[in-house]
Structure formats: structure tokens, C-alpha cells
Amino acid sequence: MPPAADTTTSPRTGVRPQTERPATDRPGTDRTKYLGWLFAVAIAAAAFNLRPVVTSLGPLLDQVRTDLGMNPTLAGLLTAVPSLCFALFGFAAPGMARRFGPIAVVTAGMGAITAGVLARSFAGGTAVFLLLTALALAGVAVSNVLIPVVIKRYFPEKVGPMIGLYSMSLSAGTALAAAVTVPLTSALGGDWRFGLGIWAALGALALLLWLPVVVTRRERGEKASGAAAKLPITRSRTAWAMACFFGLQATGAYVVMGWLPKIFQDSGISESTSGVLLALTMVIGVPVSFVLPNLAARRGDQRLFVVLLASFGIAGYTGLALAPAAAPWVWATLVGLSNCAFPLVLTMIGLRARTAGGVAQLSAFAQGVGYLISIPGPILIGRLYQATGEWYLPLGFLAVLLVPQMMFGLRAARARHIEDEAVLPAAGRAAA
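Residues numbered from 1 in each chain as written. Predicted model: local features only at pLDDT ≥ 70, side-chain atom pairs only at ≥ 80, totals over all residues. Heavy atoms only, no water.

1. Structural notes on the pattern of salt bridges
Within the structure shown, the criterion is met by 5 salt bridges. Across the salt bridge formed by K262 and D266, the nearest N and O atoms sit 3.2 Å from each other. Here K262 and its partner D266 are both found in helix α11 (residues 237-266), 4 residues apart, which amounts to about one turn of the helix. We note a salt bridge from D301 to R303, for which the minimum N-O separation is 3.0 Å. (Salt bridge = Lys/Arg side-chain N within 4 Å of Asp/Glu carboxyl O. Helix = DSSP H or I, 4+ residues; strand = E, 2+ residues; numbered from the N terminus.)

Right, here's the structure in full:
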């Protein structure tokens with residue numbers, strides 16, 4: 001899977017290349033072929049490390065709270081930290097990419113994940129644990145934003161397959177960490193510090209894969225990032241629609257990760273089975289996350305997929321509200337399919353900008369604003385459940401929330417480019 005020519009856009013756009021390939025790094029050479037495969041493997045390894053920071057902690061949170069003397073308020077804050085860090089550090093990613101190049105920033109992100117995950121397992125107090133978790137999440141945040149940028153720049157003709165590889169690896173890391181952290185901790189003696197710290201090994205492996213990529217690509221700041229000018233992205237309706245679509249799908253995903261086992265347990269399903277059902281919602285995203293971006297990238301717009309995924313979610317949440325124990329495997333499957341809006345929105349981010357620099361700014365804006373939108377969701381669902389003692393209202397709210405998600409998704413899925421909307425005057429944008 002060799003990378004494409006080192007340009008910010010296709011030759012027909014008239015934009016000159018930003019960097020020059022050495023003679024030994026041109027298409028057709030063995031060096032290019034091997035570097036292309038190394039690059040693809042590095043992207044997959046990085047994606048695999050973007051969620052264990054969070055999903056490995058959830059099953060061990062009670063142990064961590066008890067050992068560190070963490071009060072319930074701080075534990076609640078810990079559950080909100082990921083979305084907050086993803087938003088704040090995500091906004092900073094394009095500026096870092098313009099200064100150092102996106103590959104260098106992603107590599108630093110892998111280093112931050114590795115250091116943060118390893119060091120927090122030695123934390124002696126709550127404040128240090130939160131600080132080191134934030135360090136790891138900062139690495140996740142910049143990588144979230146910039147890996148699609150790297151794909152757009154170096155694989156412009158393979159955006160769909162590469163986003164599929166990225167999404168599939170991310171889903172696999174999410175599911176694996178959720179499924180094996182507890183048994184792995186038990187096998188290592190039952191100490192949560194080993195159960196969390198062991199995930200640093202995968203971060204270190206990803207870091208080792210990215211180091212030769214940094215050396216061979218030799219990016220240099222502004223030109224290397226493909227972002228010669230900052231777009232007034234808030235003028236783009238597509239960017240706003242993308243941000244709202246991202247935020248609403250993230251809301252559903254975080255609610256499912258946090259509350260789905262409780263929903264099944266309250267209907268009489270055992271704890272072990274409810275855990276398997278949650279794993280199903282995550283595992284189903286692994287193959288779908290690989291196939292869906294390929295299908296979506298082949299179409300001029302992606303509105304069909306937006307409607308299908310929202311429909312799956314509405315059916316799944318309705319079933320959970322009315323008869324959760326009647327067909328739990330069906331409801332879990334439908335909800336898992338609905339959560340595949342995540343790889344879809346990543347694909348659309350790569351397609352809605354003409355250049356790697358545009359992708360960087362759209363990715364930061366959509367994910368930054370989107371994660372801020374998602375923060376209240378799990379908290380509100382918990383409040384509704386606490387107030388009513390039942391899941392009808394919370395699940396009905398989630399089903400209704402899919403309607404605006406669909407509306408924003410339909411707008412974001414249209415074949416448009418943010419550069420046109422952000423730069424053209426109002427009359428020109430209306431004509432476009």
C-alpha cells in the first residue's frame with residue numbers, strides 16, 4: 001500500500017507539491033513499497049491505542065477509587081475528563097501540525113499515551129492520577145485530529161480504505177480493552193496498577209513504529225502540514241453540521257459505553273451477560289468500521305448511510321425501552337450498528353476538504369466542538385434515570401436525539417468542500 005505523491009491536492013487543482021521526494025522514495029521503488037506498508041501498520045497501531053486509555057479504566061474504577069481515596073465527585077469528574085481533553089487538546093492540534101508537521105505531532109502523541117498510561121499506574125494520589133491521565137488523553141486528542149490529516153496527505157487516493165483501517169483498529173482497541181482488562185488484572189495478581197499499566201506496552205510498540213516514519217518523511221513545519229493559510233472555518237455550514245453530527249453520535253456512543261450494562265441488568269439480565277452484550281456493541285464495529293468508509297468514499301455524498309445508521313439506532317433504543325429482555329442480542333446489534341456513525345463521520349471529514357490543511361482544521365473543529373457537545377449527554381441520561389427510576393424516558397430521549405443527528409448528518413454528507421464555503425463571499429456560497 002504505497003503512499004501517494006507528496007502533494008496537498010491532486011495535480012488538477014494546480015497546487016504545487018509542498019515537499020520533494022528523494023530519488024529513492026518515488027513510486028515503483030521497493031523503498032516506497034515497504035515504507036507504505038510501514039506507514040499503514042503505524043496508523044493501525046496508533047488507532048489501536050486511542051481508546052484503551054479510557055475503556056481499560058472503567059472496569060477498574062471502583063478499585064482505583066478505593067485505593068486512591070477518590071471521592072464520588074472526583075470519580076464523576078474522571079468520567080468527563082476524556083471528552084473535555086479531546087475537545088481542548090484537539091483544538092490545539094492544527095497549530096501544532098503547522099509548526100512541527102502532523103507526523104511529528106502524532107508520534108509525540110504516542111509518546112504521551114505511553115508515558116501517561118505507564119506513569120499513572122504508579123500514582124500515589126488522586127491529583128497525580130488525574131494529571132497523568134490527562135497527559136495520555138492529550139496524546140489521544142492530537143492523534144484523533146491528525147491521523148485523518150496524515151491519511152488525506154499521504155493516501156489521497158485511498159482515503160476510504162485507510163480510514164476503514166484506522167476505524168477498524170480503533171474499534172478493536174476499544175473492544176479489547178473493555179473485554180480483557182479485568183481478567184488480565186486478575187491474572188497479574190489482582191492489582192489495578194498492573195491492569196492499567198500493561199496497556200503502555202502497546203503504546204510503546206506504536207511509538208517504535210512511528211519513529212522511522214518521522215525519520216523517513218522528514219516533515220518541516222508549515223509546509224509539511226499542508227496548511228499554508230488558516231481558513232475562517234466558522235463560516236462553513238458544512239463544518240458546523242459536521243461538528244453537530246459528530247457531537248450527537250459521540251453522545252450516543254458514550255451513553256452506551258457507560259449505561260448499557262445497567263439497562264440490561266435492570267431488566268433481569270445477569271452482570272456477565274450484560275457485559276458480553278456491551279462487548280457485542282463494540283465488536284460489531286470492527287468489521288463495519290472497515291467496510292463502511294470504503295463504501296461511503298465511493299459515493300458523491302453519504303446521506304444514505306446517515307439515514308440507515310440513525311434508523312438502526314431508533315429501532316435499537318425503542319426495543320431497549322419497551323422489551324429489553326425480549327431480544328437483547330438484537331437490540332445490542334442495532335445499537336452497535338448505529339454507533340458506526342463514528343467511522344462514517346471520520347470518512348466525511350476526509351472528503352469535505354480539498355487539502356490536508358483543510359482536513360486538519362475541519363477535523364479539529366468538528367471533533368473539538370463535537371466532544372464539547374457530547375459532555376452533558378451521559379450526565380443527563382443519569383439524571384433522567386435517577387428522577388424516574390426507569391429507562392423509558394432516557395432511552396426515548398436517545399431515540400429522539402437521533403432525529404437531529406440525522407438532520408445534521410444529511411447536511412454534512414452533501415458533496416461540498418469547506419474551503420468553498422469558508423472563503424467565498426455570501427453570494428458566492430449561495431450560488432454554490
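So that's the structure; there's more coming.
2. Points about the packing of aromatic side chains
Using the criterion set out here, one finds 11 aromatic pairs in the structure. Ring geometry for F39 against W210: centres 6.0 Å apart, planes inclined by 85°, an arrangement best described as edge-to-face. Of the two residues, F39 sits in helix α1 (residues 30-48) while W210 sits in helix α9 (residues 200-217), which places them 171 residues apart along the sequence. With a centroid separation of 5.8 Å and 80° between ring planes, the pair formed by F129 and W192 is classed as edge-to-face. With F129 in helix α6 (residues 126-154) and W192 in helix α8 (residues 192-197), this residue pair connects regions lying 63 residues apart in the sequence. The rings of F39, Y154, F155 and W210 are connected pair by pair, giving a single aromatic cluster. (Phe/Tyr/Trp six-rings, centres within 6.5 Å; stacked < 30°, edge-to-face > 60°.)

3. As for helix α7 (residues 159-187)
The end-to-end C-alpha separation of α7 is 40 Å, in line with the 42 Å expected for 29 residues at 1.5 Å each. G189 sits one or two residues past α7 and shows a positive phi near 110°. (Expected span 1.5 Å × (residues − 1).)

4. Considering helix α19 (residues 392-412)
Its 21 residues place the ends of α19 30 Å apart at the C-alpha level, agreeing with the 30 Å of an ideal helix rising 1.5 Å per residue. Turning to α19, its buried residues number three or more, namely P394, L395, L398, A399, L401, L402, Q405, M406, G409 and A412. Take α19 and look down its axis: the buried residues cluster within an arc of 165°, on one side only. Buried residues belonging to α19 abut α11, α14 (303-322), α15 (328-338), α16 (341-351) and α18 (376-388). (Buried < 20%, exposed > 50% of the residue type's maximum accessible area, 1.4 Å probe, protein only. Arc of directions from axis to C-beta. Contact = heavy atoms within 4.5 Å.)

5. Remarks on the confidence of the model for the protein chain
Summary statistics for the protein chain give a mean pLDDT of 83 and a share of 86% for residues scoring 70 or more. Averaged over each element, pLDDT in the protein chain is lowest for helix α21 (residues 426-431) (46) and highest for α14 (96). In the model, residues 223-228 has pLDDT below 50 throughout and makes 20 contacts with residues more than four positions away in sequence or in other chains. pLDDT under 50 marks residues 425-432. Its contacts with residues more than four places away, or in other chains, come to 5 contacts. (pLDDT = per-residue confidence, 0-100.)

6. A short note on a nonpolar patch on the surface
A surface patch of nonpolar side chains, about 430 Å² in accessible area, is lined by L84, L88, F89, F91 and L372. Looking at the nonpolar patch, the element that brings in the most residues is helix α4 (residues 72-100), giving 4 residues. Relative to the elements of secondary structure, L372 occurs in helix α17 (residues 356-374). (Patch = residues over 30% accessible without salt bridge, like charges linked within 9 Å, V, L, I, M, F, W, Y side chains within 5 Å. Areas by Shrake-Rupley, 256 points an atom, 1.4 Å probe, with all protein chains shown as cover.)

7. Considerations on the environment of S169
With respect to the helices, strands and loops of the structure, S169 is situated in helix α7. Judged by relative accessible area, S169 falls into the buried class, the value being 10%. The spacing of S169 and F290 is 121 residues in sequence and 8.6 Å in space, taken between C-alpha atoms. Look past the residues within four positions of S169 in its chain and what remains in contact with it is A44, A47 and F48.

8. A word on the packing of α6 against α7
Two elements in contact, α6 and α7, have axes separated by 9 Å at closest approach and are oriented at 150°. Considering the angle they form, α6 stands roughly antiparallel to α7. The hand of the α6/α7 crossing is right-handed. Contacts from S143, N144, I147, P148, I151 and K152 in α6 reach V159, M162, I163 and Y166 in α7. Within the contact of α6 with α7, the residues separate by chemical class into 7 nonpolar, 2 polar and 1 charged. (Axes fitted to C-alpha atoms, helices over the stretch in contact; angles between N-to-C directions. Parallel < 35°, antiparallel > 145°, perpendicular 65-115°, else oblique. Left-handed = near helix turned anticlockwise from the far one by under 90°. Nonpolar A, V, L, I, M, F, W, Y, C, P; charged D, E, K, R; others polar.)

9. Notes on the nonpolar core
Among the nonpolar cores identified, the biggest contains 88 residues, and F39, I43, Y166, W210 and L344 are the most heavily contacted of them. Counting residues per element, this core draws most heavily on α6, at 13 residues. In this view, F39 contacts I103, V150, Y154, F155, W210, V213 and R217; residues no more than four positions away in its chain are not counted. Membership of the second largest hydrophobic core comes to 24 residues, among which are L260, F264, L398 and A399. (Core = buried A, V, L, I, M, F, W, Y, C linked by side-chain atoms within 4.5 Å.)

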